[in-house]
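Structural features, examined
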Amino acid sequence: MASSETPADVAARRLGALLTGTEAREIASRLADGDTLTVALRAVSPGRRAAVRALVSAISTGPGSGGTVSAVLRAVEGAHSAPTTVDPLWTMPGHLAQHGRLTQSVTYLVESARYSIVCSTFNFQRSSGLWGALQQAAQRPELTMRVYLDTNAADKNKKPWSPTTAEVAAHLHPATVLRSKRFGGVPTRNHAKFISIDHRFLLVTSANFSRSAETGNLELGVRIDNANLAEAIEHEMRQAEDSVFEPVRRTA
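So, here is what we can say about the structure in this document. (Residues numbered from 1 in each chain as written. Predicted model: local features only at pLDDT ≥ 70, side-chain atom pairs only at ≥ 80, totals over all residues. Heavy atoms only, no water.)

What follows concerns the layout of surface pockets. By volume, the largest pocket is sized at about 360 Å³. In terms of lining, the largest pocket is formed by 21 residues, of which the most central are Ser116, His199, Glu234, His235 and Arg238. Listed by contribution, the elements that provide at least two residues to the lining of the largest pocket are helix 1 (7–18), strand 3 (116–120), strand 4 (144–149) and helix 11 (227–244). When the residues that make up the lining of the largest pocket are grouped by side-chain class, the tally is eight nonpolar, eight polar and five charged. (1 Å grid on protein atoms, 1.4 Å probe; cavity = no way out; pocket = protein on both sides within 12 Å on 5 of 7 lines; lining within 4 Å. Points joined across faces, edges and corners; volume = space filled by probe spheres on them. Helix = DSSP H or I, 4+ residues; strand = E, 2+ residues; numbered from the N terminus. Nonpolar A, V, L, I, M, F, W, Y, C, P; charged D, E, K, R; others polar.)

As a further point, take the packing of aromatic side chains. The geometry of two aromatic rings is summed up by the distance between their centres and the angle between their planes. Scanning the entire structure with this criterion turns up two aromatic pairs. Each ring, one from Phe124 and one from Trp131, has its centre 5.7 Å from the other, and the planes form 55°; the classification is tilted. No difference in accessibility class separates Phe124 from Trp131, as the two residues are buried. (Phe/Tyr/Trp six-rings, centres within 6.5 Å; stacked < 30°, edge-to-face > 60°. Buried < 20%, exposed > 50% of the residue type's maximum accessible area, 1.4 Å probe, protein only.)

Here helix 2 (residues 21–32) contains 12 residues, and its C-alpha end-to-end distance of 16 Å stays within 8% of the 16 Å for a straight helix at 1.5 Å per residue. Considered for burial, the residues of helix 2 that qualify are Gly21, Glu23, Ala24, Ile27 and Ala28. For helix 2, the angular spread of the buried residues around the axis is 165°, confining them to a single face. On its buried face, helix 2 is in contact with helix 1, helix 3 (37–40), helix 4 (46–60), helix 5 (68–80) and helix 11. Of the residues trailing helix 2, Gly34 is marked for its positive phi of about 95°. (Expected span 1.5 Å × (residues − 1). Arc of directions from axis to C-beta. Contact = heavy atoms within 4.5 Å.)

The next point concerns the packing of helix 1 against helix 4. Two numbers describe how helix 1 lies on helix 4: the axes approach to 8 Å, and their chain directions differ by 145°. Read as a crossing pair, helix 1 and helix 4 show a hand that is left-handed. Of helix 4, the residues touching helix 1 (which contributes Ala8, Ala11, Ala12, Arg14, Leu15 and Leu18) are Arg48, Ala51, Val52, Leu55, Val56, Ala58 and Ile59. Of the residues in the contact of helix 1 with helix 4, the class split is 11 nonpolar, no polar and two charged. (Axes fitted to C-alpha atoms, helices over the stretch in contact; angles between N-to-C directions. Left-handed = near helix turned anticlockwise from the far one by under 90°.)

This next bit is on the nonpolar core. Membership of the largest hydrophobic core comes to 29 residues, with the highest contact counts inside it found for Ile117, Phe124, Leu130, Leu134, Met145 and Ile195. Looking at this core, the elements that each hand over two or more residues are helix 6 (102–112), strand 3, helix 7 (129–138), strand 4, helix 9 (165–171) and strand 8 (194–197). Ranked by the residues each element gives to this core, the list is headed by helix 7, at six residues. In this view, Ile117 contacts Val110, Leu134, Ala137, Leu143, Thr144, Met145, Arg146, Ile195, Ser196 and Ile197; residues no more than four positions away in its chain are not counted. Grouped together as the second largest cluster of nonpolar side chains are 18 residues, Ala24, Leu41, Val44 and Val69 included. (Core = buried A, V, L, I, M, F, W, Y, C linked by side-chain atoms within 4.5 Å.)

If you want it as structure tokens, here you go:
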């Protein structure tokens, strides 16, 4: 902590790193409407409420703190805000697609990542363009990577062209790879298919990461430039991890 920083300054900075812009806006709006902090914090996932409460309390009890909490929350909202752009991306048989190509866009997003990749898919195929692009990205020391897989698709319905979850973990080492597990006695099917790049660029797609989906199927994806949405989706997956996912041990 720099000598000129007060505890309230430090708390404000940490709060900005902890909250998404959407969460900051919701908390500020609820407080402005007269809601208690307990009610306002319902905008935040349960696992982070205690930390947010402690930081808000540190800001509000600092010297000259009148109105400071609201100002900090609005500043966090503004700092995280960015114009939303949405582009449709298609894969069609032959060269029928008239707009952005889904396959090319996925590879480009992965290759252009600066510090973070979060990927969720039903299955992988080794022939997928993403298979090689993700491996190259995983070797970059400045990048963190988190991958979510469906266990049955990879391990139970084994196909020669489709790697197991352990093989994916080995291929993408040192990335964090997680696979779906049973919930309530029933296997969880991970059918969430998206890639989030740098907590900002989000691609949501109907396609699995397979050669057929990338070259022959009719598939629709949407590429969105919106940090709040990307962060919110990443947070939701992280909150669900303990319940429906487990880490994958890579093969030797």
